[in-house]
Amino acid sequence: MSIKSRFPKLPQILAVYAVGAIFIYTWTMLWFFWKLPSWLFYLNLGEIFTSLAYALTVNLFESVLAVLLPILLAFVLPRKWFLETFTARGATLLASLLTYTAYVLYRFPVKEEPPLHLMTTRTPQVLIATALLVFLAGRLPFLRKLIESLADRAIVLLYLFIPASLISALVVLIRNIL
Amino acid sequence: MTGLSRRDFLKLSAILPAALAASHLTPGLLQPPRPNVILILFDAMSARNLSLYGYPRPTTPNLQRFAQRATVFHNHHSAGNFTVPGTASLLTGLYPWTHRAINMAGLMKRSLTPHNLFHTTSSAYHRFAFSQNLWANHIFNQFNQDLDTILPPDSFAAFSQVIGKALPNDLNAAYRSTDDFLFQDDDPPASLLLGLSERLAYQRSLAHLQQQANDYPLGLPATGLLPIAFRLDHLFQGLAQTLPALPTPFIAYCHLWSVHEPYRPHRDFFDRFKNDNFSPIEKPRHPLGGKNPPQKVANRRKLYDEYIASADHYFGLLLDALQNTGLLDTSYLIVTADHGECFERGTLRHITPLLFEPLVHIPLLISAPGQRQRVDVHTPTNSIDLLPTLAALTGNPIPDWAEGSPLPTLGGSPDPQRVTFSVEAKSNSSFERLRKVSVAMYKGPYKLTYYTSSDYNFFELYNLETDPEELNNLIDSQPALAKDLQNELLRHLQQANAGYA
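Residues numbered from 1 in each chain as written. Chains lettered and ligands numbered in written order. Predicted model: local features only at pLDDT ≥ 70, side-chain atom pairs only at ≥ 80, totals over all residues. Heavy atoms only, no water.

1. Quick word on the overall build of chain A
Scanning chain A from N- to C-terminus turns up 5 helices and 0 strands. For chain A, the succession of helices and strands along the chain, N to C, is α-α-α-α-α. Viewed in the frame of its principal axes, chain A has a C-alpha envelope of about 55 × 40 × 30 Å. Across the 178 residues of chain A, 45% fall into the buried class. For chain A, the share of sequence-separated contacts (at least 6 apart) that also reach a separation of at least 24 residues comes to 76%. Put simply, chain A shows about 9,800 Å² of open surface, and 77% of that area lies on carbon and sulfur atoms. Taking the average place of the 15 positive charges on the side chains of chain A and the average place of its 7 negative ones, the gap between the two points comes to 12 Å. (Helix = DSSP H or I, 4+ residues; strand = E, 2+ residues; numbered from the N terminus. Buried < 20%, exposed > 50% of the residue type's maximum accessible area, 1.4 Å probe, protein only. Contact = heavy atoms within 4.5 Å. Areas by Shrake-Rupley, 256 points an atom, 1.4 Å probe, with all protein chains shown as cover. Lys, Arg positive; Asp, Glu negative; His and termini not counted. Charge placed at Lys NZ, Arg CZ, Asp CG, Glu CD.)

Shown next as structure tokens:
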């Protein structure tokens, strides 16, 4: 069995990537629009779009980083556990973990207030719940089809996210070279 | 008396062209050397809490020592009540309603960026800037064309996790987008995945560091806008080593986070003022002020005073170091603040529309090269006066756009009819006319404050000579004077708003 066969197919990866990207980009856009009214007080449009460009560049990097986790699991776990139901289980895994991350960050907005206590008490519970959800996502045909269907539809957003991020990365690059 | 002989005349004629040529080749030998300028700015240092200015707690013995060889300005006010307008006015010589850096993290009007202290100072100077305060960085990064060296805000830090400094070609956008957005403090970071990692790394490092820093009972001093923790001794030692190494002549602007909150005094000063029987004058709450209970206000004041005493101690060591290197004999040393801090009327800190004296009365001490005598100036001055003063002291013309005047005894003279302002307008768009604004106007002994918005509109008038604690509002008892001053203030505000929609 070749190494290549241990990896999911590109359409599957794209579907899972799209689910992760939705969480990552949406979170950033929420805080972008949260900041926007105050930015409009003292920044011009060019300066605001520059900040957005930096954010979208980082989002691209984050989303690629995020999708590596389910790919790694697909590679190391038995095929039946993850690879064969990669889209459903990978998308569920990312959605669950990224939702928890957003919860932790929302609860602890101040850097010096450590969420470590929360993370040490809640994280085992969240990981168990995530494992259960991931298991069910591959096990229950209805749930599996629903998640796969949603993940497939999420791919359409990549036509927005990826070009915007690539243009943003170019803007950031030019601003830092020139 | 004998006249000039023909032989002497011929000798002089032969020497004259050589002397003229030498004067062009070696101008430095014939002109006095240009003085350096060192400006040390303590963030949020209210003159009202300094024993230098008569505060009962002994907070500043070293500033008092420095005052023995400096000009001490007793009635100096910041043009703004928080970092952005206060710093921008100091660096531009313009009022906040002109430069428009009025918002939290705000920037100056783009067309006015050449109007700054560094541009005004001749390019013969090496121009250096360092700020631990991100918002001050935003402003002087706007002047980066006029700066030769900008030290990153985490220079001399014990620990930092500043990201924007990694992109020096795009500093303002980089700081704003990363440290003030993607990895911001006080609000959740806009970066979901890296934001969490950055936070966990920060907390882990900080916890480790705090365990070692047992000489700071409340934790290491830290900056609020950037993840920087620092030790006061390292900070001042760093400056003491950096300043003498700068190419001369230089102008160095050093904006220190201390004594801004969080107030974290050194162990030697922590609880120094506990049970010292000092009780400040009780003042009534203000309709636009806070509702903090008196005990909380008193506790915060005590910590603030102890933090001032800590910073003053290390300033004393810096002063000694500058003395030992001889820099004090070749430099103007300026100590000031960007704004004050409030511990009265139920109000804490400085994020408030109020403009009472603790918020805008700031220290100003200027020691001329080699000065040995103390000079006291009691006439009202404003932070916008530093730019024209420094322009004159460094041999440059005073720009016609400057709204300030050279300081008395340093090129200027007292003007009893002069009017100066402090402005708070953070709730307005910097691109529009000011609608929700507080303006304090100083004229002679009087201070007229105007608070206006869609919800309120009122004036307060105080005589600072007879009522320095601002307890007796004269607005009703002196109607004629109040009316004249009101008209004058409103005229200035109208002029400031002209041209804005």
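So, next bit.
2. Structural notes on helix α8 (residues 171–182) of chain B
In terms of residue burial, α8(B) counts as a mostly covered element, since 12 of its 12 residues are buried. Looking at α8(B), one finds that the buried residues are B:L171, B:N172, B:A173, B:A174, B:Y175, B:R176, B:S177, B:T178, B:D179, B:D180, B:F181 and B:L182. Tucked into the core, α8(B) has its buried residues touching α1 (10–42), α2 (45–76) and α5 (141–177) of chain A together with α7 (134–141) of chain B.

3. Notes on the sheet that holds strand β17 (residues 446–452) of chain B
Residues and elements named next belong to chain B. Ordered by their spatial adjacency, 4 strands build an open sheet running β15-β16-β17-β18, and the pairing between neighbours is antiparallel. Each end of this open sheet is capped by a strand with a single partner; those strands are β15 (419–424) and β18 (457–463). Each adjacent strand pair in this sheet contributes to an overall mean axis angle of 15°, direction not counted. (Pairing = 2+ DSSP bridges. Axes fitted to C-alpha atoms, helices over the stretch in contact; angles between N-to-C directions.)

4. Looking at the packing of aromatic side chains
Residue and element names in this part refer to chain B. All chains considered together, the criterion is met by 27 aromatic pairs over all chains. Here F42 and F315 contribute two aromatic rings whose centre-to-centre distance is 6.1 Å and whose plane-to-plane angle is 75°, an arrangement assigned as edge-to-face. Taken together, the residues F42 in strand β1 (residues 36–42) and F315 in helix α11 (residues 294–325) connect sequence positions 273 residues apart. F315 shares its class with F42; the two are buried. (Phe/Tyr/Trp six-rings, centres within 6.5 Å; stacked < 30°, edge-to-face > 60°.)

5. Side note on the packing of α2(A) against α8(B)
Look at α2(A) against α8(B): their axes get within 9 Å of each other, and the N-to-C directions meet at 60°. With respect to their mutual orientation, α2(A) and α8(B) come out oblique. Both α2(A) and α8(B) take part in a crossing whose hand is right-handed. Note on element contacts: α8(B) touches α2(A) through B:A173, B:A174, B:R176, B:S177, B:F181 and B:L182, opposite A:E47, A:T50, A:S51, A:Y54, A:A55 and A:V58. When grouped by side-chain class, the residues that make up the contact of α2(A) with α8(B) number 7 nonpolar, 3 polar and 2 charged. (Parallel < 35°, antiparallel > 145°, perpendicular 65-115°, else oblique. Left-handed = near helix turned anticlockwise from the far one by under 90°. Nonpolar A, V, L, I, M, F, W, Y, C, P; charged D, E, K, R; others polar.)

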